[in-house]
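The primary structure of each chain is shown beneath.
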Amino acid sequence: MLGFSAGGHLSAAISTHFAKRLYPAVDAADKESCRPAFAVVIYPGHLSLPAAQWDADQGPRKFVVRHPANADKHLGLNPDVPVTRQTPPTFLLQAEDDHVDNVDDSLAYYIALKNAGVPVEMHLYAQGGHAFGLRRTKFPITGWPQLVETWLATIGMISE
């Protein structure tokens, strides 16, 4: 699974909610696991506790983000993304000068994955901004697809 920005958040959410069925199984396909084999999460948004709180404070229907009292207020994970040991191996990538989705979202997810014992690889680059996608740029971050390919080989998803 691969996702950028909001899609990066979606990749993380699917990686942590795959066991929750929203409807009863109707055929054999519904009995198959929904767990992704791996996740590539690129400049994800709304994964840190501060980002979740910001979301909660927006609009007319404000709500409280429930989290443990001892949660790290800076790099704690959004409680709606419950990482467990079963979360699939994850590759994270972000530019530190991303002014749309703060690098803390990637850092919070990385810390949660490491603490749960999930294989994770993270690459942070000083420059690249937001929404660089597959577009070639002058920055080193432009080489990220090769890093993903190498990582996929190291976790046995593709042959070298």
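Before going into details, it helps to say that this report is about the structure given with it. Here the structure is a predicted model, which is why all the values come from computation and not from measurement.

### Re the sheet that holds strand E2 (residues 39–42)
Then, number 1: Read from one edge of the open sheet, four strands run E1-E2-E3-E4, paired in parallel fashion. Since the sheet does not close on itself, it has two edges, and those belong to strand E1 (2–4) and strand E4 (120–125), each with one partner. For this sheet, the mean angle separating the axes of adjacent strands, direction not counted, is 10°.
Then, number 2: Contacting E1 and E2, helix H1 (residues 6–17) crosses the sheet at an angle of about 140° to E1.

### Quick word on H1
Then, number 1: Helix length check: H1, at twelve residues, gives a terminal C-alpha distance of 16 Å against a target of 16 Å (1.5 Å per residue), a fit within 8%.
Then, number 2: Taken together, the buried positions of H1 are Gly8, Ser11, Ala12, Ala13, Ser15 and Thr16.
Then, number 3: Packed against the buried residues of H1 are E1, E2 and helix H3 (103–116).

### With respect to the nonpolar core
Then, number 1: By size, the foremost hydrophobic cluster in this structure holds 14 residues, and its most contacted members are Val40, Ile42, Leu93 and Phe132.
Then, number 2: Contributing elements (two or more residues each) for this core: E2, strand E3 (90–95) and helix H4 (144–154).
Then, number 3: Ranked by residue count, the leading element in this core is H4, at four residues.
Then, number 4: Once residues lying within four places of it in the same chain are set aside, the contact partners of Ile42 are Leu2, Gly3, Phe4, Ser5, Gly8, Leu93, Phe132 and Trp144.
Then, number 5: Grouped together as the second largest cluster of nonpolar side chains are 13 residues, Leu47, Leu92, Tyr109 and Ala112 included.

### As for the side chain of Ser15
Then, number 1: Among the secondary structure elements, Ser15 is positioned in helix H1.
Then, number 2: Within polar-contact distance, the side chain of Ser15 engages the backbone oxygen of Ser11 at 2.8 Å.
Then, number 3: If sequence neighbours within four positions are ignored, Ser15 has contacts with Pro36, Ala39, Thr87, Pro88 and Tyr109.

### Here we look at the packing of aromatic side chains
Then, number 1: Taken as a whole and judged by the stated rule, the model has five aromatic pairs.
Then, number 2: Taking the centre distance of 5.8 Å and the plane angle of 50° together, the rings of Phe4 and Tyr43 count as tilted. You can see Phe4 sitting in strand E1 and its partner Tyr43 sitting in the loop between E2 and helix H2 (49–56), a full 39 residues away along the chain.
Then, number 3: Classification of Phe4 by relative accessible area gives partly exposed; the value is 27%.
Then, number 4: Given the relative accessible area of 4%, Tyr43 is considered buried.
Then, number 5: An angle of 70° between the planes, with centres 5.8 Å apart, marks the rings of Phe4 and Trp144 as edge-to-face. Of this pair, Phe4 sits in strand E1 while Trp144 is found in helix H4, placing the two residues 140 residues apart along the sequence.
Then, number 6: Feature note: the residues Phe4, Tyr43, Phe132 and Trp144 constitute an aromatic cluster, connected by ring pairs.

Conventions used here
Residues numbered from 1 in each chain as written. Predicted model: local features only at pLDDT ≥ 70, side-chain atom pairs only at ≥ 80, totals over all residues. Heavy atoms only, no water. Pairing = 2+ DSSP bridges. Helix = DSSP H or I, 4+ residues; strand = E, 2+ residues; numbered from the N terminus. Axes fitted to C-alpha atoms, helices over the stretch in contact; angles between N-to-C directions. Contact = heavy atoms within 4.5 Å. Expected span 1.5 Å × (residues − 1). Buried < 20%, exposed > 50% of the residue type's maximum accessible area, 1.4 Å probe, protein only. Core = buried A, V, L, I, M, F, W, Y, C linked by side-chain atoms within 4.5 Å. Polar contact = N/O pair within 3.5 Å; in protein donor to acceptor, adjacent residues only side chain to side chain. Phe/Tyr/Trp six-rings, centres within 6.5 Å; stacked < 30°, edge-to-face > 60°.

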